[in-house]
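For reference, the chains in residue letters:
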Amino acid sequence: QVQLVESGGGLVQAGGSLRLSCAASGSIFSLNTMGWYRQAPGKQRELVASITNGGSTNYADSVTGRFTISRDSAKNLVDLQMNSLKPEDTAVYYCNYHRLVLGRIRYDEYWGQGTQVTVSS
């Protein structure tokens, strides 16, 4: 079992910054991928950014250049630095942990409870 606890959400004006943090605990395997997803009302949950144990990152086109994901594997922490925030970034942000089979099939997947990010105009 893996537990994920998010923090750092809040209300910010357009152009501002927030830093989200996710702390993982439990039976954590060294080979894993962690990341952030978000879901706005009436929309599908979408990937924001992910990072492997080796440091390989993946970003949504809409956040590339504005957001930065990082991790401290020794401490089982993953952060998302969000700069130049836009109203369309408003959503509930969820931390994710999973492992991969054949480099693409997810298993042992866990989610945090979510943290609200609201960006005002």
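Quick caveat, the model's predicted, so the values are computed rather than measured.

Undergrad: A description of the pattern of salt bridges should follow, citing residues and the corresponding values.
TA: All told, the structure shown has six salt bridges when counted by the stated rule. With a shortest N-O distance of 2.8 Å, D89 and R66 are connected by a salt bridge. A residue pair is termed long-range when its members are at least 10 positions apart, and D89 in the loop between β8 (77-82) and β9 (91-101) and R66 in the loop between β6 (57-59) and β7 (67-72) qualify at 23 residues. Across the pair, R66 and D89 agree in class, each one buried. Among the salt bridges present, the one from D108 reaches R99, with a minimum N-O distance of 2.8 Å. By relative accessible area, D108 is classed as partly exposed at 32%.

Undergrad: Provide a residue-level description of the pairing of strand β4 (residues 33-39), including the pertinent values.
TA: For β4, the buried fraction is high: six of the seven residues fall into the buried class. Taken together, the six bridges between β4 and strand β5 (residues 46-52) define a ladder with antiparallel strand orientation. Among the inter-strand pairings, G35 is bridged to a residue of β5, identified as S50. Connecting β4 to the antiparallel partner β5 that follows it, the hairpin turn spans six residues, and G42 within it adopts a positive phi of roughly 80°. Direction of pairing for β4 relative to β9: antiparallel, over a ladder of seven bridges. Across the sheet, the residue bridging to T33 is H98, located in β9.

Undergrad: Let's hear about a nonpolar patch on the surface: which residues, and what values?
TA: Residues V101, L102 and I105 make up a contiguous nonpolar surface patch of about 280 Å² in total accessible area. Along the chain, the position of V101 falls in strand β9.

Undergrad: Account for the sheet that holds β8, naming residues and giving values.
TA: With antiparallel pairing, the four strands of this open sheet are ordered in space as β1-β3-β8-β7. On the outer flanks of this sheet lie β1 (2-7) and β7, each paired with one strand and no other. Within this sheet the neighbouring strands show an average axis-to-axis angle of 15°, counted without direction. In this sheet, strand β3 (residues 18-26) lies alongside β1 in antiparallel orientation, the contact comprising six bridges. Among the inter-strand pairings, E6 is bridged to a residue of β3, identified as C22.

Rules of the game
Residues numbered from 1 in each chain as written. Predicted model: local features only at pLDDT ≥ 70, side-chain atom pairs only at ≥ 80, totals over all residues. Heavy atoms only, no water. Salt bridge = Lys/Arg side-chain N within 4 Å of Asp/Glu carboxyl O. Helix = DSSP H or I, 4+ residues; strand = E, 2+ residues; numbered from the N terminus. Buried < 20%, exposed > 50% of the residue type's maximum accessible area, 1.4 Å probe, protein only. Pairing = 2+ DSSP bridges. Patch = residues over 30% accessible without salt bridge, like charges linked within 9 Å, V, L, I, M, F, W, Y side chains within 5 Å. Areas by Shrake-Rupley, 256 points an atom, 1.4 Å probe, with all protein chains shown as cover. Axes fitted to C-alpha atoms, helices over the stretch in contact; angles between N-to-C directions.

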